[in-house]
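Observations on the three-dimensional arrangement
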Amino acid sequence: MSKEETSNELRLSILGMSCAGCVSVVESALNGVPGVTEVSVNFADHSATVKGETDPERLIRAVKDAGYEAAVMEGFENPAEQEEQELARYRILLKKAAVAGGAGALLMLLEMANWLPDMGSATGRWFWPEVAILTLAVLVYSGAHIYRGALKALLSGQANMDTLIAVGTGAAWLYSCIVIEYYGSLPSLAKHAYFEAAVVILAFINLGSGLETRARGKTSSAIRQLIGLQPRTARVVRNGAELDVPIEEVGLGETLRVRPGEKIAVDGVLIEGHSSVDESMLTGEPMPAEKIEGSTVAAGTINQSGSFLFKATRIGRDTALAQIIHSVRQAQNSKPEIARLADRVSAVFVPAVIGLAVFTFLVWYGFGPEPSLGYAFVTSMTVLVIACPCALGLATPISVMVSVGKAAQTGILIRQGDALQTAGKLTCLVLDKTGTVTQGKPKVVSIEGAGGFSETEVLQLASSLEAGSEHPLAAAVLTAAREHAVQPKKMAQFKAITGHGVEATQDGRRVVFGNRALLEKEGIDLASHQDNLARLSAEGKTPMLLAVDRQFAGIVAVADPIKPDSAAAVQRLRNLGIRVLMVTGDNPITARAIAREAGIAEVRAQVLPQDKAAVVRELQAQGETVGMVGDGINDAPALAQADVGLAIGTGTDVAIESADVVILQGSLMKVPEVIRLSQLTVANIKQNLFGAFFYNTISIPVAAGLLYPFAGILLNPMIAGAAMAMSSLTVVSNANRLRWQKL
Ligand SMILES: Nc1ncnc2c1ncn2[C@@H]1O[C@H](COP(=O)(O)OP(=O)(O)OP(=O)(O)O)[C@@H](O)[C@H]1O
Ligand SMILES: [Cu+]
Ligand SMILES: [Mg+2]
């Protein structure tokens, strides 16, 4: 990682966060560091992404001062190591749960046998103080991490979920001791002490977070798989000899050898041999791609049949794979609007709950039935435990992570968390024609000469002009010239006219090649060719016209057939209730012919590249939420203007900056999938938030004893512990359900 990158964006691993309250504490601590422009803390994977010009040391110190630990995450992580750490954490939590659960069971057995310290009975002081010591030992063992977290929060003047559990269980223990020691002789102060409640709560909480750790591990499996694709070594050809070197030592421009069945180490261009390469892990395209000389190959993809040599063109962090990993991670850590709301709510939750617990205590103590202290204690403890906002803090990030990961596995790269929320609300989609609806590989299908020019002369002049152009149509003309063994000639004063064509001079002759508008501007009357042009266009072909010295000289017609699944994709979009438009620079007749084939009703033709953004703006002004689908070549402003910009990449071309979503496999079918995924994700987040909120709001009054005066119902604190653990588990499992939902 270079120094500049470090100062622009940094990922920190944060230790010690236990709930959404912690997220906002860490976020504001990092935001307080001078130079920081943007902070996003992800509770689901315990990380922070910090943007701005700043020193990592200061960030770490700020996090420490807030009561947490932080470390910089470096370049390539080791997924195996991470998995191992998570498994170890899972095992420890489970062990802690087992110990606490065992102790709880023992205490309950003792109680059933009436052997527990019980006030007002003859057996009252049996096993006292053994039971107190045993429970304390269990609390310390099973709850050490929670008490430490609570203490840290306290020292920095904060309260979090750990605080609630620490206060709840600690108070239970202390209260039980005091009751037995000092009020032991009072009859029936409370039916029994709360030693077992304290340990059972810890058992549930440890079990809950253990299972949550496991489920969270599954959540990030997508990115782990991606990281795992990166081979560690490569076989380079140096001075005629082939040798295996660590991937870091491969230089730009070096020649690498790939044998059948091997993974490709870096991005490059094939220079010798041919093969088919399985790129499904990057693009989601199940069919292997044929690779010949000049084809690009991508790191992480698997060579199938042949052996070949290729030249490294992108290494390290520049490979498509590295960039995919980077964007997936960024999107997983970016927060859609809905997450901000949840964060704000849960940040005030803990203090509110503590206040409520105190209030509950006072009301019961003041007005409750005898023994009022006992009731006051039980109810306020139950409130503390049940009101943990941990499920609330997980609700959004966990769904976002699952969803972005799922998308990546099917070749959809979501670059912005916001897009994940907005895509589902799109009412209108603008599709670019070339490369989006069509295959984007135009081919010359017919050449006609006029005014004394032969077909060969037309092709020669056209290709001579197009040699200087980067337009896809230019490529088609050049390919045709090569196929007909026509040599382009040198041209002077070359000029490309955006959205119209090209012009230049040759041997003093003025040559113009492009669409009808361009020739009409030259003052050429095309009325006599009207029928011919209309016929070509009606077949969906794009006629390009040649003029020499203001005389019409011929037509080169190009066909760019629609993609095999474009029509099905448009149909599906319409079934989703979306208005679909096609926009193109091409002439209206060709545009309409293509649109009809794809089932698109609305067409805007002859739109200059720079005006495509205006079309999007106009639709937005009509109140539509507009998605723009383009290939990112000359529609970048429109992609940026749209509410969601979707770029259709070809193969592993991921560096389309103006897009919110990049579709790696060039199929339009992925667009409705993005929309479905967005809808499913937002629904999933809402279910999660509802679950967490509903659970909190409905159970707090019951825990506080609101039902007691009417129905005599009080919540057992143990049940509060169980329910709390279950709630976060439910949220995590619900999010993981997204992985199996059909798009
Ligand atoms: N280099 C060129 N050579 C010949 N004709 C050109 C060239 N560039 C543009 N044209 C003409 O101008 C028209 C509009 O070009 P533009 O680049 O705006 O759109 P396009 O690539 O055809 O379609 P889309 O808008 O779907 O990408 C083309 O259809 C073509 O007739
Ligand atoms: Cu909690
Ligand atoms: Mg174009």
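Treat the numbers as computed from the prediction; the structure is a model and nothing was measured. (Residues numbered from 1 in each chain as written. Chains lettered and ligands numbered in written order. Predicted model: local features only at pLDDT ≥ 70, side-chain atom pairs only at ≥ 80, totals over all residues. Heavy atoms only, no water.)

**Digging into the packing of helix α17 (residues 455-466) against helix α18 (residues 472-483)**
Taken N-terminus to C-terminus, the directions of α17 and α18 make an angle of 130°; their axes are 9 Å apart at the nearest point. Between α17 and α18, the interaxial angle falls into the category oblique. Here α17 and α18 pass one another in a crossing that is left-handed. On the side of α17, the interface is formed by Leu-459, Ala-462, Ser-463 and Glu-466, while α18 contributes Ala-474, Val-477, Leu-478, Ala-480 and Ala-481. Of the residues belonging to the contact of α17 with α18, the class tally is seven nonpolar, one polar and one charged. (Axes fitted to C-alpha atoms, helices over the stretch in contact; angles between N-to-C directions. Helix = DSSP H or I, 4+ residues; strand = E, 2+ residues; numbered from the N terminus. Parallel < 35°, antiparallel > 145°, perpendicular 65-115°, else oblique. Left-handed = near helix turned anticlockwise from the far one by under 90°. Contact = heavy atoms within 4.5 Å. Nonpolar A, V, L, I, M, F, W, Y, C, P; charged D, E, K, R; others polar.)

**Details of the packing of helix α20 (residues 530-538) against helix α22 (residues 588-598)**
Contact geometry for α20 and α22: axes closest at 7 Å, N-to-C directions at 25°. As the angle between them shows, α20 and α22 are arranged roughly parallel. Every pair of crossing elements has a handedness; the one defined by α20 and α22 is right-handed. Each of Ala-534, Ser-537 and Ala-538 in α20 lies in contact with α22, whose residues at this interface are Ile-589, Thr-590 and Ala-593. Across the contact of α20 with α22, the residue classes break down as four nonpolar, two polar and no charged.

**Quick look at the pairing of strand β19 (residues 509-514)**
In this structure, strand β18 (residues 501-506) lies alongside β19, joined through six bridges in antiparallel fashion. When the sheet's bridge partners are listed, Thr-505 is paired in β19 with Arg-510. The antiparallel pairing of β18 with β19 creates a hairpin that spans two residues between the two strands, and Asp-507 there sits at a positive phi of about 50°. Of the strand pairs in this sheet, β19 and strand β20 (residues 541-548) are connected by four bridges, and their pairing is antiparallel. In the sheet register, Gly-514 faces β20, and the bridge partner there is Leu-545. (Pairing = 2+ DSSP bridges.)

**Quick word on helix α21 (residues 566-575)**
It helps to recall that an α-helix has 3.6 residues per turn; residues three or four apart then point in one direction. Every buried residue of α21 is accounted for by Ser-566, Ala-569, Val-570 and Leu-573. What you see down the axis of α21 is that its buried residues fit within an arc of 100°, all on one side. Phi for Gly-577, located one or two positions after α21, is positive at around 85°. (Buried < 20%, exposed > 50% of the residue type's maximum accessible area, 1.4 Å probe, protein only. Arc of directions from axis to C-beta.)

**Focus: the sheet that holds strand β9 (residues 275-278)**
Taken in spatial order, the three strands of this open sheet run β10-β9-β12, and their pairing is antiparallel. Looking at the sheet topology across the chains shown, the edges are occupied by β10 (289-291) and β12 (302-303). As defined by bridge partners, β9 adjoins β10 across three bridges and the pair is classed as antiparallel. Following the sheet pairing, Val-277 is matched in β10 by Ala-289.

**Focus on the site of ligand 1**
Near ligand 1 there are 21 residues, and of these Thr-434, Glu-466, His-471, Gly-585 and Lys-612 occur at the shortest range. Asp-432 is positioned such that a nitrogen or oxygen atom in its side chain is 3.4 Å from an oxygen atom of ligand 1. Relative to its unbound accessible area of 600 Å², ligand 1 is 96% covered by the protein chains. The set of elements that each furnish at least two residues to the shell around ligand 1 consists of α16 (433-437), β18 and β20. (Near = heavy atom within 4 Å. Polar contact = N/O pair within 3.5 Å; in protein donor to acceptor, adjacent residues only side chain to side chain. Areas by Shrake-Rupley, 256 points an atom, 1.4 Å probe, with all protein chains shown as cover.)

**A look at the UniProt feature "transmembrane region" (unreviewed entry) in the protein chain**
Here, the residues flagged by UniProt with the feature "transmembrane region" (unreviewed entry) are residues 97-116, 131-151, 163-183, 189-208, 345-367, 373-396, 689-708 and 714-732. In the segment residues 131-151, helix accounts for 100% and strand for 0%; the C-alpha atoms at its two ends are 25 Å apart. Summarising residues 714-732: 84% helix, 0% strand, and an end-to-end C-alpha distance of 28 Å. (UniProt positions renumbered as here; feature names shortened; annotations may be inferred.)

**Some words on a nonpolar patch on the surface**
A cluster of nonpolar side chains, namely Leu-356, Phe-359, Val-363 and Phe-367, defines an oily patch on the protein surface of about 420 Å² accessible area. Among the structural elements, Leu-356 can be located in helix α12 (residues 349-367). Judged by relative accessible area, Leu-356 falls into the partly exposed class, the value being 34%. (Patch = residues over 30% accessible without salt bridge, like charges linked within 9 Å, V, L, I, M, F, W, Y side chains within 5 Å. Salt bridge = Lys/Arg side-chain N within 4 Å of Asp/Glu carboxyl O.)

**Looking at the environment of Glu-249**
Here Glu-249 is to be found in the loop between β6 (241-246) and β7 (255-258). In this structure Glu-249 comes out as partly exposed when scored by relative accessible area, which is 48%. Through-space distance from the C-alpha of Glu-249 to that of Gln-416 is 33 Å; in sequence the pair is 167 residues apart. If sequence neighbours within four positions are ignored, Glu-249 has contacts with Arg-238 and Glu-254.

**Notes on empty space enclosed by the protein**
Under the definition given, this model contains three cavities of 30 Å³ or more. In this structure, the largest cavity occupies an estimated 60 Å³ of space. If you go around the largest cavity, the residues you meet are Asn-42, Gln-332, Asn-333, Ser-334, Lys-335, Pro-336, Ala-339, Pro-397 and Val-400. Elements that contribute at least two residues to the lining of the largest cavity include exactly α10 (320-333) and α14 (390-409). When the residues that make up the lining of the largest cavity are grouped by side-chain class, the tally is four nonpolar, four polar and one charged. (1 Å grid on protein atoms, 1.4 Å probe; cavity = no way out; pocket = protein on both sides within 12 Å on 5 of 7 lines; lining within 4 Å. Points joined across faces, edges and corners; volume = space filled by probe spheres on them.)

**Focus on unusual backbone geometry**
At Asp-507, a residue that is not glycine, the phi angle is positive and equals roughly 50°. Along the chain, Asp-507 turns up in the loop between β18 and β19. In this model, Asp-549 sits at a positive phi of 45°, which is unusual for a non-glycine residue. By the element assignment, Asp-549 lies in the loop between β20 and β21 (551-559).

**Side note on the domain arrangement of the protein chain**
Where the parts come together, the accessible area they lose is often given as the size of the interface. Assigned domains within the protein chain: domain 1 (9-74), domain 2 (83-229), domain 3 (233-327), domain 4 (328-411 + 674-742), domain 5 (412-439 + 562-673) and domain 6 (443-559). The C-alpha centroid of domain 6 is placed 59 Å from the C-alpha centroid of domain 1. (Domains from an automatic or database assignment.)

**Section: the side chain of Arg-235**
With respect to the helices and strands, the residue Arg-235 is situated in strand β5 (residues 233-238). Using a relative accessible area of 13% as the deciding quantity, one classes Arg-235 as buried. Other than its neighbours up to four places away in sequence, Arg-235 contacts Glu-242, Leu-243, Asp-244, Thr-255, Leu-256, Arg-257, Arg-259 and Glu-262.

**Digging into the pattern of salt bridges**
Note that side chains of opposite charge can pair when their charged atoms are close. Tallied over the full model, the rule gives 20 salt bridges. The residue Lys-291 makes a salt bridge to Glu-279 at a minimum N-O spacing of 2.9 Å. Of the two residues, Lys-291 is situated in strand β10 and Glu-279 in the loop between β9 and α9 (280-283); the sequence distance between them amounts to twelve residues. The same class applies to Lys-291 as to Glu-279, namely buried. One network of salt bridges, in which partners are shared, links Lys-495, Glu-503, Arg-510, Glu-522 and Arg-550.

**Side note on the sheet that holds strand β3 (residues 47-52)**
Strand order in the open sheet formed by four strands is β2-β3-β1-β4, with antiparallel pairing between adjacent strands. Both outer strands of the open sheet, β2 (36-42) and β4 (69-72), are each paired with one neighbouring strand and no more. The sheet shows a mean angle of 25° between the axes of neighbouring strands, taken without regard to direction. Two elements, β2 and β3, share six bridges in a ladder whose sense is antiparallel. Along β3, the bridge assignment pairs Val-36 with Gly-52. Packed onto the sheet, helix α3 (residues 56-65) meets β1 (9-15), β2, β3 and β4 and runs at close to 160° relative to β4.

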